[in-house]
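Here is what each chain is made of, one letter per residue.
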Amino acid sequence: MISPEKKMDLLVSLCKRRGFVYPDSDIYGGFANAFDYGPNGIELKNNIRDAWWKRFVHGREDVVGIDTPIIQHPKVWEASGHLATFSDPLVDCKKCKRRFRADHLLEAKQAEPGYNKEVPLHIKDVDCPECGGELTDIKNFNLMFKTFVGVTEDSANVAYLRPETAAGMFTAWKNVRDTMRKKLPFGIAQVGKAFRNEITPGNFIFRTREFEQMEIEYFVKPDDSERAFDMWLNEMKIWVEDVLKINPKNLVYKEISESDRAFYSKRTVDIEYQYPFGQKELYGLANRTDYDLSRHQEFSGEDLRWLDPETNTKILPHVVEPTWGLSRTVLAVLVEHLDVDEADTSEGETEPRMVLRLPPRLSPVKAAVLPLQKKDGLADIGRELASKIRAAGLVVEYDESGSIGKRYRRQDEIGTPWCFTVDYDTKENNTVTVRDRDAMTQERIKIDEVVAFIQSRLN
Ligand code: GAP
């Protein structure tokens, strides 16, 4: 049994070695908490994104998609409240000058064994976790990235990178509603980048300054918001447990108390995952009431109410917001499905053997074609088979170098569900061996049936 720390180390090194995630600007020594998604990482991320879009946009008649800019009108952020309140409480160590999130330090102190929860805790009671030095008072630090639009860098041209995709759905709500002839309840979905000047990011791709979100703003009649909340909670549960195949024992559906949730939220549930570095947020669901639309109505001067055709009255819809971090999903999926055991080496020692048991529809590569030998025409048959699989729109790898065992290991590490081996019998009877990643079974099928074999299992 490997420790969570060891598992995380193995995952980070596998991600680099197998082209999932690299440190960004690596040739310059890296850039703190910025990462590149490599060829396998982007396939995994796109597969998650596509499964999400297919399920929640194409799969539902009450949700439509949009794509809005990263830099919107600066008033959007005044209205949303981000400019005034979107900040983290930070403290500095007076001795070693390191910077920390005060809320994280307080949480850690409260989690210490023997901590008496009855005694109120103040940041003055906490020492620097690195050097034991004294900490400064808390300062609030706004997380918005500021930039300038146009040629002059003056206050009239200040703009911001969006810290969440949600605002685009509120500002476009009127246009979408009117042009798509939608009736309540209906949702607007968006997938895209968000930016936060996180001062204490870390834990690999868990918290980064630049990340992707998949969000839905679901507009409802005010008295329908509780039903819609329960419906989305169930949808999120199905997504995480049945689509991503995350074991429910690694998930916590945490009801956020009134004192801990945003002042406008009527109900919030965080979906937390057991990462190797602790139980932390994966997704969130909030009943945002009419806060956003009423603020945008006030700041824009536009009437954002909806005319209910049944009652002929105008109402301002309430909004239920399920939000999924895409980058964080990549991490949770990798952690969940990385299976590590000990394998014997030829030197009589052991080494970790890793298999990424991804749900096949999420695997970056769906199939590998491996000829047993390069010679005797086996490579030609293999290449032709790989081309056929590729022509069917499936990602395939053709690999003819190294021992067959090493080639299987490589495919296991990137989560390829099926390897097709071309051998001398192929020449005799037009069959190949299929090796199943998880069952480790080998069966022979006709070479002409390979594409249908993969397609039927993916569907
Ligand atoms: N519109 C609501 C909203 O943005 P949030 O809880 O601040 O809510 C939603 O963010 C999700 O975005 C989180 O549950 C998480 O999955 C992801 N997320 C937030 N900050 C992140 C960061 N710095 N790095 C990676 N993912 C992040």
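These numbers were taken from a predicted model, which means no experiment stands behind them.

## Quick word on the packing of aromatic side chains
Enumeration according to the criterion identifies 23 aromatic pairs in this entry. Pairing Phe-263 with Tyr-264 gives two aromatic rings, centres 5.3 Å apart and planes at 80°, and the pair type is edge-to-face. Judged by its relative accessible area of 72%, Phe-263 is exposed. On the numbers, 6.0 Å between centres and 85° between planes, the contact of Phe-420 with Phe-453 is edge-to-face. Here Phe-453 lies in helix α14 (residues 450-458) and Phe-420 lies in strand β21 (residues 418-422), a separation of 33 residues in the sequence.

## Topic: the sheet that holds strand β10 (residues 210-220)
In space, the seven strands of this open sheet follow the order β3-β9-β10-β16-β13-β12-β11, with mixed pairing throughout. Each edge of the open sheet carries a strand with a single partner, namely β3 (63-65) and β11 (251-255). The average angle at which neighbouring strand axes cross in this sheet is 25°, direction not considered. Note that strand β12 (residues 267-275) and strand β13 (residues 278-289) share nine bridges and pair antiparallel.

## Quick word on the site of the ligand
For the ligand, the set of nearby residues contains 17 residues, the closest of which are Glu-164, Glu-198, Glu-215, Glu-281 and Leu-282. Gly-325 is positioned with one of its backbone polar atoms (N or O) 3.2 Å from an oxygen atom of the ligand. Notes on the ligand: free accessible area 560 Å², of which the protein chains cover 89%. Its residues assigned to classes, the shell around the ligand shows five nonpolar, four polar and eight charged.

## Focus on the packing of helix α2 (residues 39-58) against helix α8 (residues 225-243)
In contact at an axis separation of 12 Å, α2 and α8 are set at 140° when each is read in the N-to-C sense. Judged on the interaxial angle alone, α8 and α2 are oblique. As α2 runs across α8, the sense of the crossing is right-handed. Each of Ile-48, Ala-51, Trp-52, Arg-55 and Phe-56 in α2 lies in contact with α8, whose residues at this interface are Trp-232, Glu-235, Ile-238, Trp-239 and Val-243. Here the residues of the contact of α2 with α8 are counted per class, giving eight nonpolar, no polar and two charged.

## Digging into helix α12 (residues 404-414)
The complete set of buried residues in α12 reads Arg-407, Tyr-408, Gln-411, Asp-412, Glu-413 and Ile-414. At the exit of α12 stands Gly-415, carrying a positive phi of roughly 85°.

## Describing the nonpolar core
Core analysis: the biggest nonpolar cluster contains 59 residues, and Trp-52, Trp-232, Trp-239 and Trp-324 have the highest contact counts within it. With near-sequence residues (within four places) excluded, Trp-232 lies in contact with Phe-56, Arg-60, Val-63, Ile-216, Tyr-218, Leu-285, Val-320, Pro-322 and Trp-324. Among the nonpolar cores identified, the runner-up in size contains 21 residues, and Leu-385, Val-396, Phe-420 and Phe-453 belong to it.

## Digging into the domain arrangement of the protein chain
Split by domain assignment, the protein chain resolves into domain 1 (4-73 + 155-333) and domain 2 (365-458). Here the C-alpha centre of domain 2 lies 38 Å away from the C-alpha centre of domain 1. The interface of domain 1 with domain 2 comprises seven residues on the first partner and six residues on the second. With both chains or domains summed, domain 1 and domain 2 bury close to 540 Å², and 45% of this area falls on carbon and sulfur atoms. Glu-413 serves as the salt-bridge partner of Arg-17, at 2.6 Å between the closest nitrogen and oxygen. Applying the counting rule to domain 1 against domain 2 returns two residue pairs in polar contact (both at pLDDT 80 or more). Elements represented by at least two residues in the side of domain 1 that touches domain 2 include exactly α1 (4-17) and α2. Considering every element that reaches the side of domain 1 that touches domain 2, the biggest residue donor is α2, with three residues. A class-by-class count of the residues in the side of domain 1 that touches domain 2 yields two nonpolar, two polar and three charged.

Scoring rules and cut-offs
Residues numbered from 1 in each chain as written. Predicted model: local features only at pLDDT ≥ 70, side-chain atom pairs only at ≥ 80, totals over all residues. Heavy atoms only, no water. Phe/Tyr/Trp six-rings, centres within 6.5 Å; stacked < 30°, edge-to-face > 60°. Buried < 20%, exposed > 50% of the residue type's maximum accessible area, 1.4 Å probe, protein only. Helix = DSSP H or I, 4+ residues; strand = E, 2+ residues; numbered from the N terminus. Pairing = 2+ DSSP bridges. Axes fitted to C-alpha atoms, helices over the stretch in contact; angles between N-to-C directions. Near = heavy atom within 4 Å. Polar contact = N/O pair within 3.5 Å; in protein donor to acceptor, adjacent residues only side chain to side chain. Areas by Shrake-Rupley, 256 points an atom, 1.4 Å probe, with all protein chains shown as cover. Nonpolar A, V, L, I, M, F, W, Y, C, P; charged D, E, K, R; others polar. Parallel < 35°, antiparallel > 145°, perpendicular 65-115°, else oblique. Left-handed = near helix turned anticlockwise from the far one by under 90°. Contact = heavy atoms within 4.5 Å. Core = buried A, V, L, I, M, F, W, Y, C linked by side-chain atoms within 4.5 Å. Domains from an automatic or database assignment. Buried area = accessible area lost by both parts, 1.4 Å probe. Salt bridge = Lys/Arg side-chain N within 4 Å of Asp/Glu carboxyl O.

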